[in-house]
Amino acid sequence: MSITALPKNNPGRIDFLFHETDSGAPQPVRGETQPNDSELLDAYSRTVVSAVARVAPAVVNIDVKQRVNARGGEPELSGNGSGFVITPDGFILTNSHVVHDASAITVNLSDGREYPARLTGDDPDTDLAVIRIDASQLAHVRLADSENLRVGQLVIAIGNPLGFEASVTAGVVSALGRSMHAQSGRLIDNIIQTDAALNPGNSGGPLVNSAGEVVGVNTAMIRPAQGICFAIGSNTAKFVAGWLIKDGEIRRSYIGVAGQNVPIHRRIVRFYGLPLETAVLVVSVEKNSPAERAGLGDGDLIVAFNGQSIGSVHHLHKILVGDQIGVSASLTIIRHTEKLELPILPAESQAQK
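Caption draft 1: Geometry of the pairing of strand S8 (residues 128–133). Taking burial as the measure, the six residues of S8 include five buried ones, the bulk of the element. Sheet topology places strand S5 (residues 91–94) next to S8; four bridges connect them, and they run antiparallel. Across the sheet, Thr94 pairs through a bridge with Ala129, a residue of S8. As judged from the six bridges shared by strand S7 (residues 114–123) and S8, these two strands associate in the antiparallel manner. Residue pairing in the sheet places Leu119 in a bridge with Ile131 of S8. Linking S7 to S8, which pair antiparallel, is a turn of four residues; within it Asp127 sits at a positive phi near 55°.

Encoded structure:
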């Protein structure tokens, strides 16, 4: 900034001119209106603000009481987590570990209203649960197709970390197709990894894309690490929530493999005329499982079950429900470059037993 005095031929003026010679920024012209706040927001900020505005009214705080057996009485432990309304008549999706074995559940809506809630269904195998409150015409979210997510895509986490209501963090999808163990011991496949910061209390809150659609349910973070957080995909959430609302539980069949989604080589797709270009890669096979008895091995690609094309772990989970327990089926696989049909007899999930 430089200060320049007026020329001597104008002695009546004693004011100074202030020139921003270094900034190069255009100076406002007299009569022009200044931009409002919305115009000053960059594209990234507008995207986040818009997505949060769509979803935040449906995000709730969940307070939980749990009775703990102890000598001399049954003291209660308090906890809290997050959730979000998925139907206008009061169904709320959250994590199983937030409400599991709760003796009392209280839901606080974004507008300040408070309701007692009851457990509709709980599935520790996927760490998902549905609770319900007696309310109507509630703001609710839209669940997107998590199969459309891409690494590097913008995502936003909304929840109540450490008791701070309606906190928002933003980041990107760091990786897809991760696996993690639920508290029941079952391996949850197709987990989303993100660097959107999560803290205790975020559990059960929504992970949202730039369009304001829920793509995942925030579930866990690695405490010593920075920016390694996980969410359950919305496709898994839709499937599980549907069964929990309908029956209150899920009976599952299982074949005993851990897998991940992979693309199939184009030559193999063309040679066998496969309808899908992705399959489930068998990462490991459990001992004494239906898969081991059927002859399935590490590195095999599962492309169909009973003639129905399989393109992802989610598709396989969707098929392996209670109706398949003890029913003979066929598994179509690609081993190296050879297409094979293996007979298999799905059993009831050991976690269910």
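Caption draft 2: Looking closely at the pattern of salt bridges. Taken as a whole and judged by the stated rule, the model has nine salt bridges. Residue Asp300 is joined to Arg335 by a salt bridge in which the shortest nitrogen-to-oxygen separation is 2.8 Å. Of the two residues, Asp300 is situated in the loop between helix H6 (290–294) and strand S18 (301–305) and Arg335 in strand S20 (residues 329–335); the sequence distance between them amounts to 35 residues. Relative accessible area serves as the criterion here: at 3%, Asp300 is assigned to the buried category. Accessibility expressed as a relative area gives 26% for Arg335, which makes it partly exposed. Through salt bridges that share partners, Asp123, Asp125 and Arg252 make up one connected network.

Caption draft 3: The arrangement of the layout of surface pockets in detail. For the second largest pocket, the calculated volume is near 520 Å³. Lining the second largest pocket are 23 residues, with Glu147, Leu149, Leu176, Asn190 and Asn261 sitting closest to its centre. When contributions to the lining of the second largest pocket are tallied by element, the ones reaching two or more residues are strand S10 (167–181), strand S11 (187–194), helix H4 (234–247) and strand S16 (257–263). At four residues, S16 tops the list of elements feeding residues into the lining of the second largest pocket. Looking at the lining of the second largest pocket residue by residue, the classes come out as seven nonpolar, 13 polar and three charged.

Caption draft 4: Quick peek at the sheet that holds strand S3 (residues 59–67). One closed barrel holds the six strands; their spatial order is S3-S4-S5-S8-S7-S6, and the pairing between them is antiparallel. Neighbouring strand axes in the sheet, compared pairwise and without regard to direction, differ in orientation by 40° on average. Across nine bridges, the pairing between S3 and strand S4 (residues 76–85) is antiparallel. Looking at the pairing, Lys65 lines up with Ser78 of S4. Strands S5, S7 and S8 of the sheet are contacted by H4, whose axis makes an angle of about 55° with S8.

Caption draft 5: The arrangement of H4 in detail. Here H4 contains 14 residues, and its C-alpha end-to-end distance of 20 Å stays within 8% of the 20 Å for a straight helix at 1.5 Å per residue. Those residues of H4 that sit buried are Ser234, Asn235, Thr236, Ala237, Phe239, Val240, Ala241 and Leu244. Remark: Gly248 follows H4 within two positions and exhibits a positive phi of approximately 85°.

Caption draft 6: Summary view of the nonpolar core. One finds Ile62, Val107 and Ile133 to be the most contacted residues of the largest nonpolar core, which totals 49 residues. Excluding residues that lie within four positions of it along the chain, Ile62 makes contacts with Gly79, Asn80, Gly81, Ser82, Gly83, Thr94, Val98, Val99, Ile105, Thr106, Val107 and Ile131. Core analysis: the second largest hydrophobic core is formed by 20 residues, Val280, Phe305, Leu316 and Ile333 among them.

Caption draft 7: Examining the packing of aromatic side chains more closely. Taken as a whole and judged by the stated rule, the model has one aromatic pair. Taking 4.9 Å as the distance between ring centres and 90° as the angle between the ring planes, the aromatic pair formed by Phe271 and Tyr272 counts as edge-to-face. Residue Phe271 is classed as exposed on the basis of its relative accessible area of 65%.

Caption draft 8: Molecular detail of the pairing of S5. What you see with S5 is no split at all: Phe91 and Leu93 on one side and Ile92 and Thr94 on the other are buried throughout. Where S4 meets S5, two bridges bridge the pair, whose relative direction is antiparallel. Considered in S5, the bridge of Val85 is made with Ile92. Between S4 and S5, which pair antiparallel in sequence order, lie five residues; one of them, Gly90, sits at a positive phi of approximately 105°.

Caption draft 9: Spatial organisation of the confidence of the model for the protein chain. Taken residue by residue, the protein chain gives an average pLDDT of 83. The fraction at 70 or more is 82%. Strand S2 (residues 16–19) is the least confidently modelled element of the protein chain, averaging 37 in pLDDT, while S18 averages 96, the highest of any element. Counting contacts from residues 1–7, a segment whose pLDDT is below 50, to residues more than four positions away or on other chains yields 18 contacts. Across residues 11–25 the pLDDT falls below 50, and counting only partners more than four positions away or on other chains, this stretch makes 19 contacts in the model.

Caption draft 10: Seen up close, the side chain of Asp127. Residue placement: Asp127 occurs in the loop between S7 and S8. An unpaired buried charge is present at Asp127: no salt bridge exists, and Arg252, the closest side chain of opposite charge, is 11 Å distant. Looking at Asp127, its side chain comes within polar contact range of the side chain of His97, at 2.9 Å. The residues contacting Asp127, other than those within four sequence positions of it, are Thr94, Asn95, Ser96, His97, Ile188, Thr219 and Ile232.

Basis of the calculations
- Residues numbered from 1 in each chain as written.
- Predicted model: local features only at pLDDT ≥ 70, side-chain atom pairs only at ≥ 80, totals over all residues.
- Heavy atoms only, no water.
- Buried < 20%, exposed > 50% of the residue type's maximum accessible area, 1.4 Å probe, protein only.
- Helix = DSSP H or I, 4+ residues; strand = E, 2+ residues; numbered from the N terminus.
- Pairing = 2+ DSSP bridges.
- Salt bridge = Lys/Arg side-chain N within 4 Å of Asp/Glu carboxyl O.
- 1 Å grid on protein atoms, 1.4 Å probe; cavity = no way out; pocket = protein on both sides within 12 Å on 5 of 7 lines; lining within 4 Å.
- Points joined across faces, edges and corners; volume = space filled by probe spheres on them.
- Nonpolar A, V, L, I, M, F, W, Y, C, P; charged D, E, K, R; others polar.
- Axes fitted to C-alpha atoms, helices over the stretch in contact; angles between N-to-C directions.
- Contact = heavy atoms within 4.5 Å.
- Expected span 1.5 Å × (residues − 1).
- Core = buried A, V, L, I, M, F, W, Y, C linked by side-chain atoms within 4.5 Å.
- Phe/Tyr/Trp six-rings, centres within 6.5 Å; stacked < 30°, edge-to-face > 60°.
- pLDDT = per-residue confidence, 0-100.
- Lys, Arg positive; Asp, Glu negative; His and termini not counted.
- Polar contact = N/O pair within 3.5 Å; in protein donor to acceptor, adjacent residues only side chain to side chain.

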